[in-house]
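# Observations on the three-dimensional arrangement
Single-letter residue listing:
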Amino acid sequence: MKKLFSNTWFNIGIIVLIGLAVIFLTLSMGDADVILSTILSANIWYILLAVLLVLLWQFLVGVVLTILTRLTHPEYRYRDGYLNAFIAALFHDLTPSASGGQIIQLYVFRKQGVNTGDSGSVLWMEFIIYQSCLTILSLILILLKFAFFYSQYSSLFIFVILGFTINTLIIFFIYGLAKFAALHEWIKNKGVKIAYKFHLIKDPAKTIENIEIQLEKFRSESKKLGHNKKIILIISGLCFLRLLVYYAIPYVVFLALGSPLDFDLLVSSIAMGSFVAITSGMIPIPGASGGTEAIFILMFGNLFGSAITSGAMLLWRFLTYYLVMIIGAVCLALLRIRKE
């Protein structure tokens, strides 16, 4: 935790510098007057709707955390789940590859009276279901918009498929480790040695120990979920809704900037939102800053035009990234003040 907090200010500095660079490049490479006038003339009601969707997106994360935590701690409150969700989002955005989110969640759970073992179980269950839903929904959207996407974005297609493949392999790899003893033994006896040879890990014995611990947790949580099929269905439905809400935010922002209501355009925007998330997830920079903005403009530019897309990107990025971090920072301050 100390290391995580100590790196925070450095990461904030990187994010601020990249954010300012993105604004400067967006305005200098496009028609700055048109972009600014487009943003300033945005429909306030659609902006408020976009803000509500951002809050709903994190609200659903909090609901999922609360439902899972109540399996072992019935007294856990929904407001604690929401607080946990926003603080986790803050550190997801502040750390490379969203690596700090789950660490801070363990810290928040402990402050809220949930022991490390139970909170670790909650995070494992949430990860299993969320990653499975993410894989399924991504596949549906890729198949649904394959012809359109391949014809319009052939140069980016490889990155979307690569991102989807990585997400899919993660969940299949974990399931494979848990279900197939041969794969488990190969990783222990050969896989770790290969990783050590290429300097991907520092301590083989420690790595094997961590694999065993995490694998045992995965098996335990999988069994627990298997006995709670109703919970699986509820959490899966909430995870699908959470993803769809997040992917729909860009479309609402475009509506705010004057784009017409169109169902086909909504579906295409949801697919594009998914592809932006999949691709930017491979960028190992805090919040994937810089890369996410560029991918957004490349993805949505063909659908809506360059000027409106540049303005939409700035608004969308503020709402889904900077606003969430601001709320997360306030929630972290409230947590610490309340405990003191």
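Cut-offs and rules
- Residues numbered from 1 in each chain as written.
- Predicted model: local features only at pLDDT ≥ 70, side-chain atom pairs only at ≥ 80, totals over all residues.
- Heavy atoms only, no water.
- Helix = DSSP H or I, 4+ residues; strand = E, 2+ residues; numbered from the N terminus.
- Contact = heavy atoms within 4.5 Å.
- Salt bridge = Lys/Arg side-chain N within 4 Å of Asp/Glu carboxyl O.
- Buried < 20%, exposed > 50% of the residue type's maximum accessible area, 1.4 Å probe, protein only.
- Axes fitted to C-alpha atoms, helices over the stretch in contact; angles between N-to-C directions.
- Parallel < 35°, antiparallel > 145°, perpendicular 65-115°, else oblique.
- Left-handed = near helix turned anticlockwise from the far one by under 90°.
- Expected span 1.5 Å × (residues − 1).
- pLDDT = per-residue confidence, 0-100.
- Patch = residues over 30% accessible without salt bridge, like charges linked within 9 Å, V, L, I, M, F, W, Y side chains within 5 Å.
- Areas by Shrake-Rupley, 256 points an atom, 1.4 Å probe, with all protein chains shown as cover.
- Phe/Tyr/Trp six-rings, centres within 6.5 Å; stacked < 30°, edge-to-face > 60°.

### Observations regarding the side chain of Ser-132
- Topologically, Ser-132 is positioned in helix H6 (residues 116-144).
- The residues touching Ser-132, leaving out its near neighbours within four places in the chain, are Ile-171 and Tyr-175.

### Some points on the pattern of salt bridges
- Within this structure, the stated rule accounts for three salt bridges.
- A salt bridge links Arg-77 to Asp-80, with the nearest nitrogen and oxygen atoms 3.1 Å apart.
- Judged by relative accessible area, which is 34%, Arg-77 ranks as partly exposed.
- Overall, the relative accessible area of 4% leaves Asp-80 in the buried class.
- Between Glu-126 and Arg-242 there is a salt bridge, with the nearest N and O atoms lying 2.9 Å from each other. One end of the pair, Glu-126, is in helix H6; the other, Arg-242, is in helix H11 (residues 229-256), and 116 residues separate them in sequence.
- Residue classification places Arg-242 among the buried positions, given a relative accessible area of 11%.

### With respect to the packing of helix H12 (residues 263-280) against helix H13 (residues 291-304)
- Put simply, H12 and H13 touch, their axes get as near as 9 Å, and they point 160° apart. Between H12 and H13, the interaxial angle falls into the category roughly antiparallel. As H12 packs across H13, the resulting crossing turns out to be right-handed. Counting all contacts with H12, which are made through Leu-265, Ser-268, Ser-269, Met-272, Gly-273, Phe-275, Val-276, Thr-279 and Ser-280, the residues of H13 involved are Thr-292, Ile-295, Phe-296, Met-299, Phe-300, Leu-303 and Phe-304.

### A look at H11
- Its 28 residues give H11 an end-to-end C-alpha distance of 40 Å, which sits within 8% of 40 Å, the value for a rise of 1.5 Å per residue.
- Backbone geometry just after H11 places Gly-258 at a positive phi near 110°.

### Looking at the confidence of the model for the protein chain
- With 80% of its residues at a pLDDT of 70 or more, the protein chain shows a mean pLDDT of 80.
- At the level of individual helices and strands, the protein chain shows its lowest average pLDDT in helix H1 (residues 2-29), which scores 59, and its highest in helix H3 (residues 44-69), which scores 94.

### As for a nonpolar patch on the surface
- A grouping of Phe-318, Ile-326, Val-330 and Leu-334 is seen on the molecular surface, where their side chains present a nonpolar patch of about 360 Å² in accessible area.
- Take Phe-318: it is sitting in helix H14 (residues 306-339).

### A few points about the packing of aromatic side chains
- Taken as a whole and judged by the stated rule, the model has 13 aromatic pairs.
- Aromatic side chains Tyr-246 and Tyr-247 sit 6.0 Å apart centroid to centroid with 55° between the ring planes, which places their arrangement in the tilted category. For the pair Tyr-246 and Tyr-247, one class covers both residues: buried.
- Each ring, one from Phe-254 and one from Phe-300, has its centre 5.5 Å from the other, and the planes form 35°; the classification is tilted. Of this pair, Phe-254 sits in helix H11 while Phe-300 is found in helix H13, placing the two residues 46 residues apart along the sequence. In terms of burial, Phe-254 and Phe-300 fall into one category: buried.

### Details of the packing of H11 against H13
- H13 packs onto H11 with a crossing angle of 50° between their chain directions and a minimal axis gap of 13 Å. The orientation of H11 relative to H13 falls into the category oblique. As for the relative orientation of H11 and H13, their crossing is right-handed in sense. From H11, Pro-250, Tyr-251 and Phe-254 reach across to H13, where they touch Phe-296, Phe-300 and Phe-304.

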